[in-house]
Amino acid sequence: MEKNVHDIVIVGAGLAGLRAAVAAVEVGNKLSIAVISKLHPLRSHSVCAQGGTAAVMREGDSFELHAWDTIKGADFLADQDIVEFFVRQAPKEIINLEHWGCPWSRTPDGKLDQRPFGGHSFPRACFAADMTGFHEMHTLYGKAVTYDNIKFYDEWFATSLIVEDNSVRGLTAIDLKTGEMGVFQTKAVVMATGGHERIYEFTTFSHSSTGDGMAIAYRAGAPLEDMEFVQFHPTGLVPSGVLITEGARGEGGYLINAKGERFMKNYAPKMMELAPRDIVARAEETEIREGRAFKGPYGPYIALDLRHLGEDKIKERLPLIREVCIKLVGLDPVNELIPIRPAAHYSMGGIRANIRAETPIRGLYAAGECACYSLHGANRLGTNSTAECLVFGAVAGEEAARYAMSTELRSLPMDKALAEEKRVFDGVLGSEGSERVPEIRREMRQVMNTDVWIYRTEEGLKRALRKIRELRERFKHIKIEDKSKSFNTALTSALELDFMLELAEVTTYCALMRTESRGSHYRLDYPNRDDKNWLVHTLAYYTVEGPRLEYTPVTITKWQPTERKY
Amino acid sequence: MSGEGEKIIEFRIKRYNPAIKRHYISTYRVPVRRGTTILDCLLYIKENLDETLTFRYSCRMGICGSCAVNVNGKPMLACYTQVFDLKSDILIVEPLSNLPVIKDLVVDIEPFFKKFNKVKCVLIKPPESFKRVEEFIQSPEDHRRYWDLTLCTKCMSCYSACPAAIDDRFLGPSALATNYRFAIDSRDEGIEERLKTITESAWLCTSCNSCTLFCPKLVDCSTSITESKSLLVESGMIPRTAKDILENVMRHHNPYGIHQSKRMGWAGGLNIRAYPSVTRADVLCFICCSAAYDTRNMEIARAMVSVFNSLGVDYATLGEEEWCCGDHILRMGEKGLYEMLAEHNLDILQKFNANRIITISPHCYHTLKNEKPYKDLNLNVQHYTQFLAELLDKGALKPKGEFKGRVVYHDPCYLGKRNQIYEEPRRILQSISGLELVEMRRTKEGSFCCGGGAGRVWTEDAEPEKRPCVNRVKEALELEANVIAVACPFCTTMLEDAVKILEVENKIAVKDILEILKETL
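Residues numbered from 1 in each chain as written. Chains lettered and ligands numbered in written order. Predicted model: local features only at pLDDT ≥ 70, side-chain atom pairs only at ≥ 80, totals over all residues. Heavy atoms only, no water.

A. Region of the structure containing the sheet that holds strand 21 (residues 536-541) of chain A. All names here are of chain A. Taking strand neighbours across the sheet as the criterion, the 5 strands line up as 18-16-10-21-22 in an open arrangement whose pairing is mixed. The two strands at the open ends of the sheet, each matched to only one other strand, are strand 18 (371-372) and strand 22 (548-553). Inspection of the sheet shows strand 10 (residues 224-225) paired to strand 21 by 2 bridges, in the antiparallel sense. By the bridge assignment for strand 21, glutamate 225 is matched with leucine 539. Strand contacts of helix 5 (residues 212-219): strand 10, strand 16 (350-352) and strand 21, with the helix running at about 40° to strand 16, the strand carrying the most contacts. Those strands touched by helix 14 (residues 489-513) are strand 10, strand 21 and strand 22, and its axis lies near 60° from that of strand 22. (Pairing = 2+ DSSP bridges. Helix = DSSP H or I, 4+ residues; strand = E, 2+ residues; numbered from the N terminus. Contact = heavy atoms within 4.5 Å. Axes fitted to C-alpha atoms, helices over the stretch in contact; angles between N-to-C directions.)

The structure is reproduced here in structure tokens:
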């Protein structure tokens with residue numbers, strides 16, 4: 001087995017991973033840093049982020065206000081010390097990207113422009129038209145490749161972490177080009193692998209967002225935090241689920257039901273379409289359930305109306321979503337309504353990490369969507385996630401670098417790497433059952449979409465849990481028809497499904513156990529927020545029988561929970 | 001998938017099995033309806049018909065650049081292309097060109113990024129600038145100047161279609177466009193370094209426009225490469241070979257460096273009417289320097305005379321007053337020199353009274369029709385194939401004799417890709433009895449450049465294997481054609497060169513359509 005030795009290995013090359021790499025090298029320019037990703041960095045899901053990145057940049061806005069908006073948006077489940085740190089760091093990250101060449105959109109006087117976004121009480125989303133994540137990614141990649149000591153392992157598929165005595169020793173990954181498994185010996189690992197929303201059928205996420213890093217860390221002993229909190233974005237394009245940015249509403253777009261009403265007036269009379277996502281998504285779902293949605297060949301839908309914005313504004317501020325509508329559904333938002341409905345969009349939960357991005361495993365750091373600090377609590381505000389990737393990507397990179405510089409490389413237990421090789425190639429690829437990966441994946445996505453969706457009940461969650469456990473059983477009897485080595489995407493799809501089943505179980509189980517409604521987690525059988533019993537984070541630990549849950553208090557510095565109205 | 005408007009499409013996918021190093025074709029039948037993309041079909045095949053089919057994909061919204069493949073000879077993003085829009089019941093799907101194949105539709109992207117990453121994709125400024133804790137000031141106008149060029153996803157569609165990319169020295173259309181994007185960013189101060197990055201590379205571009213044509217994000221790579229060359233010219237960073245051409249044009253008003261008094265040398269004994277002794281004719285023939293000075297290509301001009309005489313066309317030329325139209329010069333980035341040529345030609349053109357201008361070369365056609373300052377005059381200009389196709393339709397042109405042969409037509413870029421003239425040349429060829437017209441795999445919009453544009457016809461210096469013309473002639477040979485028909489003197493030069501390099505003169509000949517027609521009179 002090929003062995004590569006580095007001081008730091010970053011898994012995932014989206015916004016958080018690339019930012020971590022650049023930050024690490026700036027702390028220790030002698031460090032040897034590996035960035036491994038199952039995709040070329042520029043193919044990462046971060047390029048799909050559209051609307052903007054939140055940061056306090058102007059007179060009239062304040063850290064205090066950004067923090068309050070975030071905490072209220074989070075339905076008070078955010079750790080407030082994390083939020084306060086985060087809002088202070090965000091502006092520096094905007095300027096960093098500006099220095100490296102990010103083509104931020106401008107005001108007439110040549111400064112960075114900012115647009116309104118849901119749940120934010122000040123227009124604080126810096127943006128590059130409606131391709132913000134795309135431009136941030138291309139800028140960061142351009143910066144990262146200027147360093148000789150960052151080595152990119154593009155198209156390497158990580159499969160497991162090697163941990164001994166609760167400290168990281170290395171990890172295993174498959175080089176897709178050769179199909180061989182390699183092992184990385186390292187002092188520190190930064191997980192930056194993104195979310196797991198592909199466990200759902202209708203999602204804004206790239207096909208590649210399968211939560212690999214969360215599952216890998218979980219299996220290695222790191223707890224997953226608050227996994228029941230999945231954000232549903234109000235505007236997933238029908239039928240594909242492709243994201244239509246909240247920026248479309250930030251620029252003034254309306255949500256319309258089949259009666260032609262701006263129905264948000266009944267749910268959030270003050271903020272209307274710019275209420276936080278959990279509220280808007282629930283409003284849409286209610287309109288659908290109560291029969292006020294449009295009917296189409298792909299089921300009921302809500303309409304996003306941009307027509308009154310005019311062609312010029314749409315072309316200048318929202319060119320990508322216009323192009324996407326034309327290319328994918330053959331309609332031009334300048335003249336037509338966009339068919340949308342809520343789509344699984346973001347995981348507030350993830351690998352538990354502290355303000356230094358450290359997980360409970362020594363040498364293991366987490367950044368971006370795969371991590372949970374908890375910054376977003378029970379509901380994330382739009383534009384806070386790209387900001388989080390930058391802020392905590394930098395923290396993770398810096399902290400990992402300091403750790404790597406102060407510690408010796410420890411021995412790598414090769415037996416663990418060899419056992420993993422056996423699990424993947426003999427166990428998964430060699431499995432000679434009769435179950436098919438696409439079929440199990442389809443059934444998993446269906447049940448998640450039905451029973452672990454916006455409105456949840458005990459009955460539905462139990463049904464989903466049974467189904468997922470059945471699917472996990474069936475997964476043991478799969479047969480992969482492609483037995484080849486090089487670029488075996490049938491094998492990687494199976495490994496991804498294995499990770500997703502693990503995470504679907506955790507998500508569902510945590511949702512079942514939380515008997516209250518808070519933020520994105522809404523229980524029809526427990527419709528109220530219950531601060532007395534549930535102002536706590538869920539921690540899920542891996543056991544062979546399934547997740548074991550613990551609960552831990554929320555950090556509150558100065559903002560006491562109040563009723564949440566918009 | 002079922003219901004109204006459903007249709008079955010046949011997918012023929014070019015596969016590669018790396019374990020046994022074998023290429024093969026797999027055929028699948030896929031149900032599609034309005035809205036179904038190529039990627040949906042590939043996923044349908046993988047999930048339902050054949051799990052071994054391998055391809056890249058991720059965002060399925062045209063932004064991650066993973067899924068570019070060639071469909072019916074043209075590169076496109078699988079996720080951003082609806083099957084119905086291709087208007088074909090059979091789709092041939094192949095991996096991108098110009099990159100080694102790893103497996104099936106998956107190509108090795110490393111060579112592409114190795115080149116791409118030679119372009120510095122961060123702002124270059126003196127270190128003290130970065131101490132600033134606020135944004136740099138950039139007006140919306142300055143932002144707009146480069147914005148469209150920032151949309152490149154590095155999907156490699158341009159690279160796959162690019163004739164210059166077969167040469168390792170060429171960084172690729174997207175790399176050059178991105179380099180230019182930074183060069184014109186008002187925040188950037190690294191122009192010298194940026195020009196150095198592309199000094200060798202930029203001149204290899206043939207300005208065939210394929211990159212621009214196939215970019216899913218409408219990034220105009222081709223123009224930005226020309227503009228980059230203008231910056232190089234302004235800084236005097238011009239390679240010797242290109243400099244010679246520009247000096248020839250400066251001195252003699254044609255790239256061949258022969259005195260203008262010899263311009264009518266091709267017409268020896270033909271008694272051609274010409275300006276200034278004639279100032280009025282139905283048709284003004286714009287001959288092109290290549291047909292006027294290149295001994296081989298004089299035959300094309302002479303063939304035109306035979307054809308026009310036989311048709312009784314009332315025509316004349318500008319004689320010694322026709323200067324180079326300036327197309328190659330413009331594409332080489334020498335805007336000032338181009339303007340000088342254009343001003344002269346415009347002056348003479350205004351003194352001549354003709355109902356239409358007919359060009360032999362697609363390059364003259366394109367420039368007279370579409371480039372300022374010619375464009376402002378709204379000249380009634382046609383390429384000769386358009387003119388002859390009109391006469392064919394009217395029944396005036398009736399090729400009498402036979403032309404025995406298997407003929408493949410090579411679309412010149414400036415006729416096809418730049419002006420969408422695909423049918424007229426084919427109609428003329430099809431009107432000739434005995435002539436069997438066959439099509440190359442890369443045809444029409446997907447045609448592969450001969451390598452002669454933007455002055456490359458005079459400056460090309462690559463080894464034979466890396467010359468687009470050699471690549472192209474091989475494609476014609478695969479079809480067992482015995483004639484490559486062309487409608488551009490530069491294509492004639494390049495492809496004939498390749499025939500000689502490959503030593504296949506006994507197998508295949510390069511002929512202009514005019515020459516073929518002449519044989520049938």
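On we go.
B. Structural detail: helix 14 (residues 362-370) of chain B. Of all the 9 residues making up helix 14 of chain B, 7 are buried; the element is thus mostly covered by neighbouring parts of the structure. At the N-terminal end of helix 14 of chain B, a side-chain oxygen is found 2.9 Å from the backbone nitrogen of B:His363, two or three residues along, and the residue is B:Ser361. (Buried < 20%, exposed > 50% of the residue type's maximum accessible area, 1.4 Å probe, protein only. Polar contact = N/O pair within 3.5 Å; in protein donor to acceptor, adjacent residues only side chain to side chain.)

C. Up close: the side chain of B:Ser174. Residue and element names in this part refer to chain B. Following the sequence through the fold, serine 174 ends up in helix 5 (residues 173-183). Residue classification places serine 174 among the buried positions, given a relative accessible area of 2%. In contact with serine 174, not counting residues within four places along its chain, are Phe112, Phe116, Cys152, Cys158 and Cys221.

D. Representation of the packing of helix 1 (residues 15-27) of chain A against helix 10 (residues 384-405) of chain A. Residues and elements named next belong to chain A. Interhelical geometry of helix 1 versus helix 10 gives an angle of 40° and a closest axis separation of 7 Å. The angle between the axes of helix 1 and helix 10 places the two elements in the oblique class. Where helix 1 crosses over helix 10, the two elements pack in a sense that is right-handed. Contact residues: Leu15, Ala16, Arg19, Ala20, Ala23, Ala24 and Val27 in helix 1; Thr386, Cys389, Leu390, Gly393, Ala394, Gly397, Glu398, Ala401, Arg402 and Met405 in helix 10. Of the residues contributing to the contact of helix 1 with helix 10, the split by class is 11 nonpolar, 3 polar and 3 charged. (Parallel < 35°, antiparallel > 145°, perpendicular 65-115°, else oblique. Left-handed = near helix turned anticlockwise from the far one by under 90°. Nonpolar A, V, L, I, M, F, W, Y, C, P; charged D, E, K, R; others polar.)

E. Focus on the confidence of the model for chain B. The predicted model of chain B averages 96 in pLDDT, with 99% of residues at 70 or higher. Confidence metrics for the complex model read pTM 0.96 and ipTM 0.96. (pLDDT = per-residue confidence, 0-100.)

F. Structural view of the packing of helix 13 (residues 458-475) of chain A against helix 14 of chain A. Residue and element names in this part refer to chain A. Close contact between helix 13 and helix 14 brings their axes to 9 Å; oriented N to C, the two are set at 155°. Judged by the inter-axis angle, helix 13 sits roughly antiparallel to helix 14. The chirality of how helix 13 crosses helix 14 is left-handed. Listed contacts from helix 14 to Glu458, Leu461, Lys462, Ala464, Leu465, Ile468, Arg469, Leu471, Arg472 and Phe475 of helix 13 are Ala494, Leu497, Asp498, Leu501, Glu502, Ala504, Glu505, Thr508, Tyr509, Ala511 and Leu512. Classifying every residue of the contact of helix 13 with helix 14 gives 13 nonpolar, 1 polar and 7 charged.

G. Region of interest: the nonpolar core. Membership of the largest hydrophobic core comes to 361 residues, with the highest contact counts inside it found for A:Ile8, A:Ile36, A:Leu171, B:Phe11, B:Trp266, B:Phe308 and B:Leu388. Considering every element that reaches this core, the biggest residue donor is helix 14 of chain A, with 14 residues. In this structure, B:Phe11 is in contact with B:Ser26, B:Thr27, B:Tyr28, B:Val30, B:Ile38, B:Cys41, B:Ile45, B:Val83, B:Leu91 and B:Val93, ignoring residues within four places of it in sequence. By size, the runner-up hydrophobic cluster in this structure holds 7 residues, among which are A:Leu77, A:Tyr346, A:Ala378 and A:Val554. (Core = buried A, V, L, I, M, F, W, Y, C linked by side-chain atoms within 4.5 Å.)

H. Region of interest: helix 5 of chain A. All names here are of chain A. Extensive coverage of helix 5 is indicated by the burial of 7 of its 8 residues. Restricting attention to buried positions, one finds in helix 5 the residues Asp212, Gly213, Met214, Ala215, Ile216, Ala217 and Tyr218. Glycine 221 sits one or two residues past helix 5 and shows a positive phi near 115°.

I. Fine view of the pattern of salt bridges. For the structure shown, the criterion picks out 108 salt bridges over all chains. Across the pair A:Glu432 and A:Lys483 runs a salt bridge, and its minimum N-O distance is 3.7 Å. Residue A:Glu432 is located in the loop between helix 11 (414-429) and helix 12 (437-451), and its partner A:Lys483 is located in the loop between helix 13 and helix 14; the two are separated by 51 residues in the primary sequence. The partner of B:Glu247 in a salt bridge is B:Arg240, with the nearest N and O atoms 3.7 Å apart. Owing to a relative accessible area of 52%, B:Arg240 belongs among the exposed residues under this scheme. Residues participating in the shared-partner salt-bridge network are A:Asp75, A:Glu228, A:Asp278, A:Arg282, A:Arg514, A:Glu516, A:Arg518, A:Arg529, A:Asp531 and A:Arg564. (Salt bridge = Lys/Arg side-chain N within 4 Å of Asp/Glu carboxyl O.)

J. Molecular detail of the sheet that holds strand 5 (residues 90-94) of chain B. Residues and elements named next belong to chain B. Taken in spatial order, the 5 strands line up as 2-1-5-3-4 in an open sheet, and their pairing is mixed. The strands lining the two open edges of the sheet, one partner per strand, are strand 2 (22-32) and strand 4 (74-77). On average, adjacent strands in this sheet sit at an angle of 35° to one another, irrespective of strand direction. One ladder, built from 4 bridges, connects strand 1 (residues 7-17) with strand 5; its direction is parallel. Of the residues in strand 5, the one forming a bridge with glutamate 10 is isoleucine 90. Together, strand 1, strand 2, strand 3 (68-71) and strand 5 form the strand contacts of helix 1 (residues 38-49), whose direction differs from that of strand 2 by roughly 100°.

K. Up close: the packing of aromatic side chains. Under the definition given, this model contains 30 aromatic pairs over all chains. Note on A:Tyr200 and A:Phe232: the rings are 5.7 Å apart at their centroids and 80° apart in plane angle, and the pair reads as edge-to-face. One end of the pair, A:Tyr200, is in the loop between strand 9 (180-191) and helix 5; the other, A:Phe232, is in strand 11 (residues 230-237), with 32 residues separating them in the sequence. A relative accessible area of 0% places A:Tyr200 in the buried class. For the cation-ring pair, B:Lys7 lies above B:Phe84, with the distance from its terminal atom to the ring centre recorded as 5.9 Å. Over the aromatic face of B:Phe182 sits the side chain of B:Arg181, whose NZ or CZ is 3.9 Å from the ring centroid. (Phe/Tyr/Trp six-rings, centres within 6.5 Å; stacked < 30°, edge-to-face > 60°. Lys NZ or Arg CZ within 6 Å of the ring centre and 35° of its normal.)

L. Structural context of the environment of A:Val25. Along the chain, A:Val25 turns up in helix 1. Residue classification places A:Val25 among the buried residues on the basis of a relative accessible area of 3%.

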